[in-house]
Every structure is written in structure tokens, then in C-alpha cells.
Amino acid sequence: MVAASKQFQKRKLDGAAKHVKPSKKTFKSNKMMKDDGVRSEAVALQLEDEIPDFPRGGNISLSRKEREKIRAEVDVEFDVDEHVSKKTKRGKVKKKNPADADDLGSLFGGGISGKLPRYANKITNKNISRGMKLWGVVAEVNEKDLIISLPGGLRGLVRAKEALDFSDYEIKDDEGNHLRAIFNVGQLVPCIVLQLDDDKKETGKRKIWLSMRLSLLHKGFSLDSIQDGMVLSANVKSIEDHGYILHFGLPSISGFLPKRSQDGSREIEAKIGQLMQCVVTKVDRDLKNVRLCCDPDAVAKCATKDLRGMSIDLLMPGMMVNARVQSVLENGIMLAFLTYFTGTVDLFHLQNPLCNKNWKDEYNQHKKVNARILFIDPSTRAVGLTLNPHLVRNKPPPLHVASGGIFDQAKVVRIDRGSGLLLEIPSTPVSSPAYVSASDVAEDEVKNLEKKFKEGSCVRVRILGLKQLEGIAIGTLKTSAFEGPAFIHSDVKPGMVMKGKIISVDTFGAIVQFPGGLKAMCPLRHMSEFEIAKPRKKFKVGAELTFRALGCKSKRITVTHKKTLVKSKLPILTSYADATEGLVTHGWITKIEKHGCFVRFYNGVHGFAPRFELGLDPGSDPDSVFHVGEVVKCRVTSAVHASRRINLSFEIKPASVSEDDSIKLGSIVSGVVDTIAPHAVIVCVKSKGYLKGTISIEHLADHHEHAKLMKSVVRPGYEFKKLLVLDIEGKNLVLSSKHSLLKSAEEIPSNASQLQPNSVIHGYICNLIESGCFIRFLGRLTGFAPRSKAMDETKGGLSEAFYIGQSVRANIIDINQEEGRITLSLKQSSCSSVDASFIQEYFLMDEKIANLQSSDTIGTEFGWVEQFTIGSLVKGTAQEKNDLGVVVKFENFDDVLGCVPHYHLGGAAVECGSVLQAVVLDFSRAERLVDLSLRSDFTTNSAKEASSIQLKKVSLERYIPAKRKRGISKELELHQRVNAVVEMVKEHYLVLSIPEYDYTIGYASVSDYNTQNFPTRRFSTGQSVVASVVALPNPLSSGRLLLLLDSVTEASETSRSKKAKKKSNYEVGSVIRAEITEIKPLELRVNFGSDLQGRIHITEVNDINTCEEPFANFKVGQSLSARIVAKPCRSNTKRGYLWELSIKPALLRDSGDLNDMQINEQLDFSAGQSVSGYVYKVDVEWVWLAVSRNVKARLYILDTTCEPHELKEFQRRFHPGKAVSGYVLSYNKEKKSLRLVQRPVLDASQCTVENGSGKLDALGSNIHGEDASLYIYEGDILGGRISKILPGVGGLVVQIGPHTYGKVHFTELKDSWVSDPLDDYCEGQFVKCKVIEISHSVKGTLHIDLSLRTSLDGMGSGQDSEALNNIDSACRRIERIDDLSPDMVVQGYVKNIMAKGCFIVLSRKLEAKILLSNLSDEFVEKPEKEFPIGKPVIGRVLTVEPLTKRIEVSLKSANAGRARKSEVYDFTKFSIGDRISGRIKRVEPYGLFIVLDQTNMVGLCHKSELSDERVDNIQATYKAGERVTVKILKLDQEKHHISLGMKSSYFASDDDDKMQPASSEMPGKASMQCDDISDTDSEASAEIREEITIENGTSMVLSQVESRASVPPLEVDLDEIEQYDFAVDQSKVQQEEEDKKDEKNKRRAKKKAKEEREKEIQAAEERLLEKSVPASADDFEKLVRSSPSSSFIWIKYMAFTLSLADVEKARSIAERALRTINIREEEEKLNVWVAYFNLENEHGNPPQDAVKKVFERALQYCDQKKVYLALLGMYDRTEQNELADELLDKKMIKKFKHSCKVWLRKVQQLLKGNGEGIQSLVTRALECLPRHKHIKFISQTAIREFKCGVPDRGRSLFEGVLREYPKRTDLWSVYLDQEIRLGDVDVTRSLFERAISLSLPPKKMKFLFKKYLEYEKSLGDDERAEDVKRKAMEYVESTLA
């Protein structure tokens, strides 16, 4: 409980004052009412002790003893009242249990009512609240959270992200262990409650989420609250050389902890993120740094000192305080500490944890003790403290007992009535306290503990749990706690057999309760050996059964009722360390896969049994033999404890690997088919013993289709003559009959040591995943091919490109022996076949399948094949003709058919029944089909040779006809490359003919091992291909000549391809002819030679890389000459093995011998060298260029230009392919990268400065990286970007390079001395700046001073030298103190203001001071208001001290302003009695200040001279800005005072000729005018221009315009001229106008005033042109030079040239105007752009395109929305409705959908038509517009409906918006105005009646009544007007009532 709150402090002892009654108390008797005054005083006294003395400046008169006596009497009276009230209400007194007080929801108890609490505050599940700060001890450290033990035995959770404020520290430990690295069990930590969740598992419990983030704990701390000797908690943020940087959770405060202790005896070691408690040793308030010490003894001894104004937010858990005993409570004591605070200590936190019943005697009142804060509750202001000696020493209490322990001789120390017993447990080395609550004393309820237990007696107790923070054990005396094997969760051990009772059964399993109260869950699968469909029928609630514990995790016990497990006598497996080889145990199956079973044991231990260890018969599937949940006996074959892997076997006795030693991995065996399984073929292997083997379907053949066919035709008894042993699984062999594996059996490896990198070997795919393929060889040797290395083009999925079991050729990329990883590649480009094995296997398997399909022998069934050998001439009869060709029937073979395709008819007309002689091209044994040809190319050669050659019956003659034998044997050779023609296209191969060799027939496959599932290349009959001979006709090739297409192996690196390359004539330097196939932005793709590909880089087109669009003259299909400059780079697979070519004219002209010579590109560059390149990439800040094929360059955004508008269009200016030149700044040879700039880099040899050293030395070299100062020196004009705006008069930080920054001083922002020069700048804005100085600091840091002043050389934007030289000298900056002299007028900005005066900055190097007495002629009451920081001032130099560089300036008008006033105020122009017009500048209570026309002079018209009658309220009668006519009454030249009069009597007799002449506004404008780009509503857009009087005709106006030659129009500040006022009376003059607006309103008003001044000046210019129109171009040139930024003059100039029919001259003037007008004058430039639109619209050819081009240019320089509106206005004015509609609908609404103005233009456009679609447009607009624009849009739309559309629609819009905003009187006013304008009197009156019936503030109601009355008066209805007055009076009376 904390000291009384502020509301109690305000209550004083003032007799019978108000007092706060205690809650739930009623006072009924008169006596009690009489005692109110006394009790009020008592309550106040009670609270007075808790607040500081003299709260209001005085003290009370009672002494401390008197106050304590009164407090005791009050307590007795309150107790009696409460007792009596309860008795009278209930009839009996209800006893209050002390235990109930502990569970109160509020921690305050009765203290909040002014009564001292009876019980100490205790934290419970009920009263813990969010935001409470607690002290705790770390109980557990897990991977993702911390478990904290809190006061009262509560436990909370801290997530990992809530343990620290920052998470970006380096973690050196393994992932997931970083919490263990910085926290440890037993560590005391402060924390705060984040969230409370109800525990769904246990009712009455809440889950407490905590945070240890110091930003939450230290909320409210500041640097002022940190004092020396204070103990603070901090996290280690970083480790430095000499110490640690600490983090307090406060953004601006950091700490430092030295590594060496204060005495230097030890070195402190800490980790990043570690929480530490430290003592503050020093506080540096300037640097906001705290120095600390972490000595444990010092931390434990430091107590918090009393701080002035200390709040509860500064109290921290664990904070040690000096306290005194204030009172003794029922269950603790109350302490007062730190003067203002009180807190309570409960019984468990007293000094003696084993205190007896006389503990209260130890705590006398005012006893001083040391205590630590245990918790703080900010919501109730309750504070808990602890006196525990261990905690006071900042150490956790030791725990000498453990949960579950049983102690027989526990001594009863204290008996708490109704609460429980305190026991002393005889633990070692010291006794431990334990507490037994009343509910745990016995099985039955014990009402009187004192009768059953005596102090000093011994009892038997069992420990239930521990309160770690208090160091107290929680025990129980119940007899059931000592029965049974398990009482607490820690007693449950995996494998323990226990009896339990079923208390509930559900679909997920059963809940079991054991003796002692523990509960466990028996999952559904563990309720029985077999699956149970209805568990509730078999297991009844209440049944007692035997269970076995499976494990206990996070207090969750899982048991099983499987009989095999419960009755098992085998050893149990509870950890991976227990798994030893040969161990036999029971487990249960959790998952079944094809390759094996997963088995689980006790305590979550898992193991895996491979398929070959399951004891399955060959061909059997695991899921057909086992089921999930089945109990199995298994044997441990191996275990890896570190990786937690256990390999199992279901075969208890290990079987021998093989009884035949000759059978090993990779050996060739034979076998006979035994059975055919669904997914495999089981064979009996021929060996010494009886072995069986398994051949999976995929291993029956290399081709997937053949494997399926083979499985369907093979029968038991079939003998496989050759099988490869892939793996040995016990007595089962894994076999393969793949031809590719059998052929290369000796080369297939069985272990990693046999592998060689870059070798290609055969294997098969055993698994596919998304990221790659697994390739198996022999045994378990497996490699992995990542997705990127599986295919040359990774477009499709791997599952589509490959299949499991596919035969592949793999290239070994990498072998990692340590990790056992083998990386492979399956790319066809590196793994293609080099022999005929793939197609050879196809024909062999086709023959084998055909033989198996036949039921007869080969001799009888396939004897016809010998008659139809390849290439032989056969006879047949044409049977029929169909779409495929001619079907031929043979005489001796009725079941064999022939087919002659149309292509092979040879042009002959074949009739049915005719006899044909054809040549055999191909045959199919299975289909009994022969493919024939009648082409003369085949038949003629066959007929000639058939008559002279007889067939010889030898083995080879069977396959080779006589006519072919001789030609093939003589000419065709292996690996010979031939040109072939496609004769037939089959599904898997091509039938080819070789014309050069008598049309010999050959066969080639269209796919390969790795590309079986890839899309095949399309071939057509008659197509020419290139192939290589890989096999001559022989029995293994079925008598076929086998070829290999080059298209399959064109990218492979084989010996044959290398030989072919050697024969090629293409070498580096060769000139070739190439054909363009593709044109890319940076290269040309070409083909040349025999299907070779190359590229021509963009830098290889021209000799110099400056030509724009070098590919413009090329097109696809064009043939050109090129020279090879580099061979393909095979390491870069992205280029696809492209040859590097060049078409540079210089290279092609060189006729020298360049063969075998490498043409190198330039790789050496020097700083300052000029290079060119082409853009290939543009990002936000860099341009990337290609300088040559391999050399790249980059160019920074700020190095490209100095113009801000060009920097904005950075990415548009540099498009890919653009030629860019630059100068080399740096060069990285390794990366072949250049850093360029577009300004010449200064050569070191040419650098000279005044002191003789080079500029490079002057600049230094401290700029990081590539930003060397080679190209930045004084006088440079640079482009920059504002990085930071410094506060006050700090100026700007501007970035001028990637890592280079400069500073712009406050005085270098603008040329003129204006207020708030930073208003025009924002962070990220591009600016043009000039380097004015480069210097070095003492530390070597480089400082660059910049300037943004446009008057400097090179900084102007289109201004000529004459205009620059005419700049006022006052705008120039004084850089040297020698240039100053006394009495010199200077200008500056206020830098800071102090009590004695202020300092001003004159320039970036000079500052001056102004004493308070020199600030003004008059007394300055508040200098900080009159002279805010940044205000421009004009003063006069008083003294200059060059040695000390001290300058003193005065702002007094007597010194600095008198000459100025005398020059400005010319009294010779006026005389007494003159009448002159003027404008009211300011209205004061004593009169008006009036600015006289044609001057800057101000006069005063006293209120007595305003009118002949008395003027009561000047402010209500006159307003600032009104024009008036005055008469000069008095002129005082000495005081510069002018007295004026306005009485009407002054003007009655005077003549009008005394009135000063004034010019009028020009009546019309020229035809060439600027369109209005604001809103189209004429009423809103009309501008009223004030008249400017002219003296002596127009010549004075001309002189005034010329005087403004060098100053842009918007920068003219007329306030500077009117800054001095004249006053008649000195006392009146001193009454200055106070500033009632904030700074933002000031700037807004000033900006608005500046705009008004500019409008006046522009009006003057317009009148000048009207009065004296220039007659020649020279006249206009003179005006243009005088006002270069005036758009009005430029437009008039354009109109003048158009009047002379010179359109081109007008265009050139427009372009010149756009270049000349200041870049900041955006409105002026926009006016010129609009005039340019009108020019092109009238004179463009064609007008539409010309306007479009100008429009697109204008978008790049001006506000796009304004440009769009200007163009739309031009379209509307010229009635180009179609173009206007297109612009508005297609572009503006989409581009500016958040603009109300654009939507209103669309509304106006629809209203010009028939008004259809208004409602849908309004709905669409409201969806797009921001909500704050809805009212404006709806009201403006409604006004337009009233004016141009349907009034009813307008009414509905107004009604809708008024329903939502009924109190907006502005909406009511507009609505009423529209109805009044419409003229319907009844409707208008009804609307007025609705408005005045609203409940609005009186001011708004007055406005509505006044408007109603004026309306009725305008109608002339007096009766109605009186009625309105009566209603107004009624409203006033009702309001007052």
C-alpha cells in the first residue's frame, strides 16, 4: 500500500468538512451523525502521516502521539460500527476467516477507505493483474521460454522475444540455446505481467505471461531520476575493448561497465543479452551516459535513497530500501519507506522463516529494518516487501528438500488459525521450513487445528511442491499421500506398472486416476492390442485395471493397457543411451513405409527397422503384414546416440549375409522365376545355398514400357541368365536385369572411395523430392542431384521429367567424405550416351518380349524373320490401300503383313492385286509387321546386286544381305560421322538411310537414359540429320546398323566431340558468317557453322561505345561477318556455351593472322580515364553499365547531374541500352568493376593550391570506400540530396556521394534574409549546391561546406549576369571579421536567446552577440517570444575585436534604423489638409493604423477622429484590409508621425482635386492569356485585386517594376517596408499587438500575405502593360530582363510575336521562358506551360499531337494534377469535348482518384450533358476519396445540381450529409442559400423552420435566426419577420431557464 493519493492530500482539517465513508457502511443513529466531524478529522489525521510534512506550506498542530491516539480510537469505533451494522442486518455476527482475506480480489483491502489494513498484501491467482511488477527467480530455462517462480508460489512464462528489448545480438551458441547462455536457474529477475489467460486444463488457475523487457520495467525513468549509488538492471548490448555497453530500455540513455572490477582484482565476463544488476557510480548528464559497477557485494548492500518527487513508477522489484515498522497486521507487518510509501510483509517473508506464534513481539513500532520490494501494483498502489535474509542479501533462498520427499519427524512450529501449520523439516545441512494448508492436514476437514496439533509435536509430512522465491516447501499430512508408488509426477518412471481407476472414456482414449490423485491418459491405440471401434463398451468408468507408464512429459503422464507391454519381462528402452547393440525389447509400430517400419519405445524413444530386417518374404509389403499400433519384439542392430538414431531388426537371431561367398554386391548371378508378386518378380538364385531374390518391376528393363510388358509376359520357371546383385538384405537379394547396369557392372561403385570426380557412371533413381533426385548405385551408396543440376532447363517438375527406378547416367560433381554426401549431375549436356547400349537394349528386349508372348518355339514362330532381313528385296501382292499406305500380303506367310507408306511408294501407281518388289526397312516381331519401300533409291541397287551375289549361310549372313556386306565392311567404320535421311519415324527411334553409302539402313534413338520422359524432338520424313556409327550389324543389335544422333549429344564433352572440334576451323580470330536469330537489349544472338551459337555483345558493335541504339540497323535473319574473340566458357552455364563474336570495323579490317590468338579486352584502367558503356540495369540509386564483355561499371545518382529536376527523373533518364560516358574513379580488378563519375576526375599532378600542396592532400582521404575526394573540390557545382534537417539554425546535412555528406549553414540556404528559410526543404529532396570550402578537423575528419544560394557563380537557373550583379549588397555574406567595421549595417538570424541577450549568426563563420539592452528601443518583456530562434534581424555593428573574434551588434532603431527611416519616409510628398486613400493595416482600441497608397508610410487615425458621432466599438466597425479615404491633420517629421482624420465633415467642403490620383484595373486582357487552373466555379475562383495608386503617370510604375529587376516576384516581402509604424502618443505606440496564434498559423498567415503582395505586384505589371504597351521586341526584352520570373510579361511577349504571325518565334520565347523562370516559381512556370498549350492548340501541326508533346514535357516539371487540370480547362474552353472526356475518364480519374477537384470536374462534365450517371459517379467518388473530403465533395456536387442540374438531386445530397452532421451550420447555410436562390418560398421557409428547431449552441442559433430574419425582410413580409423575432426570444428564454 502506498501513501495517500492526491485526492486525499487536498482534503484539509476544516471542522466538519466532508469525509470519505468506509465501503459497505451506513450511519443511521443521530449519535453517529454528530460524530462526523470528529471522524472526518480522524480520517484526515490517519492519512496525514502518509504524506510529507507541510503539504501546503504549514504543519498541523497535533503531535505524533496525539495522532496515534486518535487513530487507535477511530479504529475501535469503526470496528464497533461494522460489528453492530452486521448484527442488526443479519441478526447474527458472521465470522470472517483470515484465509479469506488472503484471497481478496483487491490488494488494498480496506486501506482505500482511509482505514489501516488488517492483513498484509499477498499475490494470488485471483488478485494478480496486468501491469503488476514482480520479483521472481528463474525456475526453468527452455529453448523458447523461461519459467519464473513468483511470490506466493505462482509461476509465470516469459517468451524468448519478451526476455530482451533487442534481438539482433550475435548468438554464439547453437540455435535454440541462446536463452540458456544468458540466463541460469536460480537467477533473481524483475518482470512485469503482460497477459493473464484462464487455464483450460485446470479450473481456477490462470496462465501468467510475463515480460522482462527493461523498456516496460523502466517506463517512467529519466536521466534525472538516476542517482549515484542506485541499483539498476541492465542488458549487455555490445562488448567493447575495455568494457560493456549496457541497455536500460531507455532510448536516449546508455551505460558502460568496465571489464576490470574497481579494485582491479578480477575481470568481469559477460555475454550479449545477459541481464545484470549494477550500481551507478557516475552519471554524465551531458553525454547521457551512466557508468556502473557490478560487484555483488556492492549491489547487495546498496539501498535506494530518498528522491525528491519520487513516484511509484520509479519503484522496481528487488529494490532495497530502508524501512521502519509502522504497524503489526494479522498476518504480517506494515512498513514505511522512502518517506511517502508504505508496504506490507506477509508471514512467509519475515526475517525468521521459522518464527513461532510470538513473532509479533519481534517487530516493535518504528523498528528500522532493511527490506526489498517484492511486487508493485500500480493500479491499487499496493507494494509488497520481503525481509527474508537471503533475499535481502540479493540471493535466492536455498532449497534442501525435493518434491515427493517424505519426512517422519517434522516439527510443528506455528499453528495459524484457519490457515495451516508451519513445520520445521529436519533436512541437511540446515532445517527447512514447510507449510501445510488447512485443506491438506487430513483427509476430512479439520475445523480446529489447535485441538488436533500442538506446537513442538512431530508429524509425518510429504513434500508436494516448493515456493522457490520464499524458500518454503508445500507439504501434506494426508495418509493417501503416503500410499501407492506415485504421488507426484516426479514419482512416475517410464515402465512403471500401476493399478488405476478409469474416471472417463472418450473417443481419444481414457483418463485414469491412480492412488494419490495423479491422473494419466491412455490413448485409444493403447487401450487394447487391437483397434477398438467403441471404447465405451469395453471400458467402463470406475473399472480398476493395470497399466504401464509410457512416459511423463510436462506433467502429462501417458500409460498403456496393451497386455504384451504390461506383462513384458524384457528390459525396457527409456533413453537412446540405453540402446546397445543386441538388446531385445518390446516396442510398438507408429508408422509403416515401403522401406521399413518406425517403432516407438518408452519415454519418446524412436527406432527404425529397414525393410530387409522385417523378416518378410520376398515380394511382400510391410503394410500387409504389420499394422500401426502393433506390439513387436525387436533387436537393436546399431545405435548412434549423438544423432539419436536406433536401427532395429524384427529378426531376433541375426542371419548370415550369404551362404555362398561368391555372391557379393555387383556380382552377376542367374535365377529362375518363382512367383510373380504385385510389385516385383521373385526368383530363386542359382547358388550353393537356397537364396531368393527380388526384381522390382522397374528393374526388368531400361525402358519403362518394356519393364511393364516384361512383368506381364514373364511366367514362373522363366530363367534370367544374367542378374546383377544390387543389395543383400539378409537372405534376400535385390536384383536387377537392366541391360545398362549389367553391361557396366564392374564400373558401378559400392562405396564412396571408388568414386572419381567428373566421371560418368550408371545408376538408377531411388527417390524423388521437390529439391532433387536420389540416385542409388550398389548397396546403400546413394548420391543426390539437386534440381538445378538435374536438367539443363528446369522448366517443369522433377516428377514429370523422371520416375523412380529409371536408369540414368550420372556425372559425379563433388564428394564430401566428412559428411558422406555425393553431389551428382543428370544434365544431358554432360551425361549423354556415347555408345549404342540404350537403343541396343530396346531391340533386344523387344525380341525377348516377342519370344515370351509366343507359345511356340522360336524356330517355328519366327522363321519368317530370316526371310525379311533388313535391306533385302522381297515380293508381295498389294492387298488394299488406306490412309497409311499400301498393305502387302506375302505368299508363304499368311500371318505376316507388309506396309508401304505413301512416302515410300516412289510415285508409282499401285493397284490392288498387283505384284510388288520392295525393300525391307524395318519389322516388328510382336506385331508381325514389315515396313517396306518401293523407292527406286532402294529397289534399283538391290536388283543389280541380287543377281550377282549369292547369300552365304553363316551367322553374319543371316543379318547382312550380300549387297550390303561388301559396302559396309569396306566403307562404314565405328564412330564415323555420316549424313543421313529420315525414312520413318517410330515412337522410340528413327529409321534412317545413308545416301553416301548406297542408302544403307540404320536406326537411331530419339531419347536417352536421362531424357526418357522429356519431350522428344520432332522429326519429319525426308529430314536430313547428322549421326555417328556406334554399332555395326551383329546378333546383339538384331542385325541392325545402330547410329547416334548429334542432336542428343551435341553439348556433351566426349572424346568423339573433342575430335570433331579439332577438325573444326573455328578458332579465336577466325572470321565467320553468322545469321542473327534474336535481338536482345544488350546482345545479338547468332547462329553460325554447323548449329553453333554465339553472341555479339553491345560493346562489340562499334569501335567507340558512344553510338545510341547500336542495334537499330540490325534485324532477325540478317547475315553478317563477325570475328571470333573468345571460346565458349563452360563454367558459366547461364550463357549456354555461346561463342563470343565481334563486328567492330577495326577488328574486321585487320587482315593479320589472328588464328589461335586470344583477343583480350582491356582490363587495365587508370583514375580519370574516360570510358563509355551501355546501361543494362537501373535501380533506385545506381546505374549499371556494360563497358565491355566482362567489365562492368556503376554510376551513382548524385554523380549524374546537378539539376534537381533531372535527379528526380533519374530512372527515366537512364534506360537499358543508352550510351553513357564517364570518368574512372576506382577499379576493382578482381570483380572487374569500375566506379564512374560524370565530372572530370582531378589528376594529382595537376592539383595546386595556394599553400603549395595538392588539392588531393587538401581534401584528404578519409571518405569511405570509393568516395575519394578526387572529384570534389572547392567551387564545384554538385547535385545533392537532403539527408537531415538540423534543429534550430543548424542548417541541412546534404548527401553528395554514396558515403559523402556536406553541411549547408543556415545562412547559406537563401540569398535573401527571410524568416524560416527551411520551409522550402524536406528530407529526401534533391538540391543544387556549391562546394564553398573543404577542411579537415584535428581528428582527420573531412568537412565539406556547401551553399544553396542561387546568386553564387554557376548556381543560377537561366539568370543573366546583369541580374546577378544587381543583387542587393545586404544579401551578401560577410565571411571575414576584417570586413566588418563599426556602424556597418548587418543582417543575421537569431541563434539562441538568453537572459542577458541573444546571439545571431551573420554567416557560416561569424557570430555576434546582442545585449538585452540593445534588442529594442523599448522594453522587451519576453525576449524569447519577440526574438525566436531563426528570426531574421537587421542591426548595426557596435564593436569588432579581430583577435578574440568578438562582434557586438545593436538592433536599436536609433542606431540602425534612423537613416533607413529618413530615407523611406518622405514627408515632402504630403501637406496638411491633403486627402488621400489608404488601407487599414491594424485596428486598435485607441484608433486605426492606415497605410497610405503610393508609399510605405503608416499614419494613425485616433478614435476621436473616426466619425462626427461617437464610435463605441472600433473592432466591430472597421476591419483590417478595408480601403478608406483620410485627411492629413498633422505631420511631425522629427518623430515621423502622421495624424489622420476620417470625419465626414472634413470632406464636405473640400474639392475633389486634392484626392491623389489612382490607377484603375485594366478592363480587358490580350488574346494570349493564361487559363485558370483552379476550380471552375466562377464565384469561388474570382479574385479581387486591390488598386495600386500611381503618381506622375505611368513612368513611376515603370521605375518601380525596374527596381524589382533582380528579385523574383514571390520573394518580395512588403512587410519589410511596413515594419515601422507612426504613433501620435508615445503611450499608445507602446501597446503592441500580442501574438495569439501559434507558429504554424503565423507561417500560414505570412505565406498568404506574401501571395497577396505578389498579386498586387502582378496587377501593377498588368496595368503597366495596359497603360504603356511595348511597341517592339526591344521593349519586351527590357521588361523580361527586369522581371525574368514574371509569366505575365513572357505571355504578353508571346502574344506580341503571334500578332506579327511569327509562330516559331513565339515557341522559342516559350522555351526561353521555361528555361529562365526560377525553378522555385512553379506557378509562374505553369502559366507559361498553359500558354504553350494554347499556342500549339491554335498553330500546331497537327494541333492534337503538338499539344500532347508539350503536355508530356510539362508533366515532368510541374505538379501533374495542375497540368492535367490546365489541359482540361483548355479543352473545355475550346469545346473539344471528346478530348476532354477522354482525358478525364481514362487518365485523370484513375490517376487522381483521391482528388476532390477532379471528381467535381467530372460532375460538371456530366451536368453539361443530360446529367445521367450522377448517382453512380457520386457513389464511386465516395469510395475513392478520403473520408475528410466527403463533405466538401457532396456539398459542391449538390450546389452544382441546384445550379445546372436537378434540384431534387441536390436536396437529397444535402439531406444525406446533414443526417450525418446535423450540427454543421455551414452546411445549413449553403443549403439555405441554394433554396433561396431557387426562389421556392414555402420550401425555403420549411427548411428554415427545421434549422431553428435544432439543439445547437447559442452562437450558431443566433446565426440561423439572423439569416431567417434577413430572408423575411428581403421578402417584405413584416408579419413573418415579427414571427421570427418571437421565436428567437422564445429560444433565448428557454436557454436562460
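So, how was this worked out
Once a new chain begins, its residue numbering starts again from 1 and follows that chain's sequence as written. In keeping with the predicted nature of the model, local features appear solely for residues at pLDDT of at least 70, side-chain atom pairs appear and are counted solely at 80 or more, and the whole-chain, interface and lining totals rest on all residues. Side-chain measures were taken over the full set of non-hydrogen atoms in the model, leaving aside hydrogen atoms and water. If DSSP finds at least two bridges between two strands, the strands pair. Starting at the N terminus, helices and strands are each numbered in turn, a helix being any DSSP run of H or I of at least four residues and a strand any DSSP run of E of at least two. Exposure classes here rest on a 1.4 Å probe applied to the protein chains alone. A residue is buried below 20% of its type maximum, exposed above 50%, and partly exposed in between. In the analysis that follows, any N or O atom pair within 3.5 Å is treated as a polar contact, provided that within protein one partner can donate a hydrogen and the other can accept it, and provided that, for residues neighboring in sequence, both atoms belong to side chains. Whether two residues are in contact is decided by their heavy atoms, any of which lying within 4.5 Å being enough. Here an axis means a line fitted to C-alpha atoms, over the contact stretch when the element is a helix, while the angle between two N-to-C directions is reported on a 0 to 180 degree scale. Roughly parallel means an angle under 35 degrees; roughly antiparallel means over 145; roughly perpendicular covers 65 to 115; every other angle is labelled oblique. Crossing handedness follows the turn of the near helix against the far one: under a right angle anticlockwise gives a left-handed crossing, and clockwise gives a right-handed one. Under the scheme applied, nonpolar residues are Ala, Val, Leu, Ile, Met, Phe, Trp, Tyr, Cys and Pro; charged residues are Asp, Glu, Lys and Arg; polar residues are all the others, including Gly. The reported arc concerns the directions from the helix axis to the C-beta atoms and nothing else. Just to be clear on terms, a salt bridge is a Lys or Arg side-chain nitrogen sitting within 4 Å of an Asp or Glu carboxyl oxygen.

### Focus on the pairing of strand β16 (residues 406-416)
Part 1 of the reasoning: Where β16 lies against strand β19 (residues 458-467), 4 bridges are found, and the strand directions are antiparallel. Its bridge partner being in β19, Ile 406 is matched across the sheet by Arg 462.
Part 2 of the reasoning: Looking at chain direction, β16 and strand β17 (residues 420-425) are connected through 5 bridges and run antiparallel. Note that in β17 the partner of Val 412 across the bridge is Leu 423.
Part 3 of the reasoning: In this antiparallel pair of consecutive strands, β16 and β17, the connection spans 3 residues, and Gly 418 shows a positive phi of 75°.

### Notes on the side chain of Arg 462
Part 1 of the reasoning: Tracing the backbone shows Arg 462 in strand β19.
Part 2 of the reasoning: For Arg 462, a relative accessible area of 6% translates into the label buried.
Part 3 of the reasoning: A polar contact of 3.1 Å, which involves the side chain of Arg 462, links it to the backbone oxygen of Gly 404.
Part 4 of the reasoning: Once residues within four sequence positions are removed from consideration, Arg 462 is found in contact with Gly 404, Gly 405, Ile 406, Ile 474, Gly 475, Thr 476, Ala 481, Phe 482, Phe 487 and Asp 491.

### Considering the packing of helix α45 (residues 1814-1824) against helix α46 (residues 1830-1844)
Part 1 of the reasoning: For the pair α45 and α46, interaxial distance at closest approach is 11 Å and the crossing angle is 165°. The angle between α45 and α46 falls in the class roughly antiparallel. As for the relative orientation of α45 and α46, their crossing is right-handed in sense. Only His 1830, Phe 1833, Ile 1834, Thr 1837 and Glu 1841 of α46 make contact with α45, whose side of the interface consists of Ile 1814, Val 1818, Ala 1821 and Leu 1822.
Part 2 of the reasoning: Looking at the contact of α45 with α46 residue by residue, the classes come out as 6 nonpolar, 2 polar and 1 charged.

### Digging into the pairing of strand β22 (residues 509-513)
Part 1 of the reasoning: Two strands pair when backbone bridges link them, and strand β21 (residues 497-506) and β22 are joined in this way by 5 bridges, in the antiparallel orientation. Within β22, the position partnered with Ile 502 by the bridge is Val 512.
Part 2 of the reasoning: The turn joining β21 and β22, which pair antiparallel and follow one another in sequence, is formed by 2 residues.
Part 3 of the reasoning: The turn linking β22 back onto strand β23 (residues 519-523) is made up of 5 residues, and Gly 516 within it adopts a positive phi angle of 105°.

### Looking at α45
Part 1 of the reasoning: Those residues of α45 that sit buried are Ile 1814, Leu 1817, Val 1818 and Ala 1821. For α45, the angular spread of the buried residues around the axis is 100°, confining them to a single face. Along α45, exposed side chains directed more than 90 degrees from the buried face belong to Gln 1815 and Glu 1823.

### Things to note about the pattern of salt bridges
Part 1 of the reasoning: All told, the structure shown has 66 salt bridges when counted by the stated rule.
Part 2 of the reasoning: Across the salt bridge formed by Lys 743 and Asp 835, the nearest N and O atoms sit 3.5 Å from each other. Here Lys 743, found in helix α15 (residues 739-743), pairs with Asp 835, found in the loop between α17 (828-831) and α18 (837-853); they are 92 residues apart in sequence, far enough to count as distant.
Part 3 of the reasoning: Residue class for Asp 835 comes out partly exposed when judged on its relative accessible area of 29%.
Part 4 of the reasoning: Ionic pairing is found between Arg 1707 and Glu 1736, a salt bridge with its closest N-O pair at 2.6 Å. Placement of Arg 1707 in helix α39 (residues 1703-1716) and of Glu 1736 in helix α40 (residues 1722-1739) is noted, with a sequence separation of 29 residues between them.
Part 5 of the reasoning: A relative accessible area of 15% means that Arg 1707 is categorised as buried.
Part 6 of the reasoning: Glu 1736 sits in the buried class, given a relative accessible area of 5%.
Part 7 of the reasoning: Taken together, the shared-partner salt bridges in this structure form one network comprising Glu 1083, Arg 1085, Arg 1095, Glu 1100, Glu 1140 and Arg 1189.

### Regarding unusual backbone geometry
Part 1 of the reasoning: With an omega of 5°, the peptide bond running from Thr 428 to Pro 429 counts as cis.
Part 2 of the reasoning: One can find Pro 429 in the loop between β17 and β18 (432-437).
Part 3 of the reasoning: Here Asn 1741 and Pro 1742 are connected by a cis peptide whose omega angle stands at -15°.
Part 4 of the reasoning: Following the sequence through the fold, Pro 1742 ends up in the loop between α40 and α41 (1743-1757).
Part 5 of the reasoning: Backbone geometry at Lys 288 places phi at a positive 55°, although glycine is not the residue there.
Part 6 of the reasoning: Here Lys 288 shows up in the loop between β9 (275-284) and β10 (289-293).
Part 7 of the reasoning: Of the residues examined, Lys 288 reaches a relative accessible area of 39% and is grouped as partly exposed.
Part 8 of the reasoning: A positive phi angle, near 65°, is found at Asn 758, a position not held by glycine.
Part 9 of the reasoning: For Asn 758, the position within the fold is in the loop between α15 and β36 (760-769).

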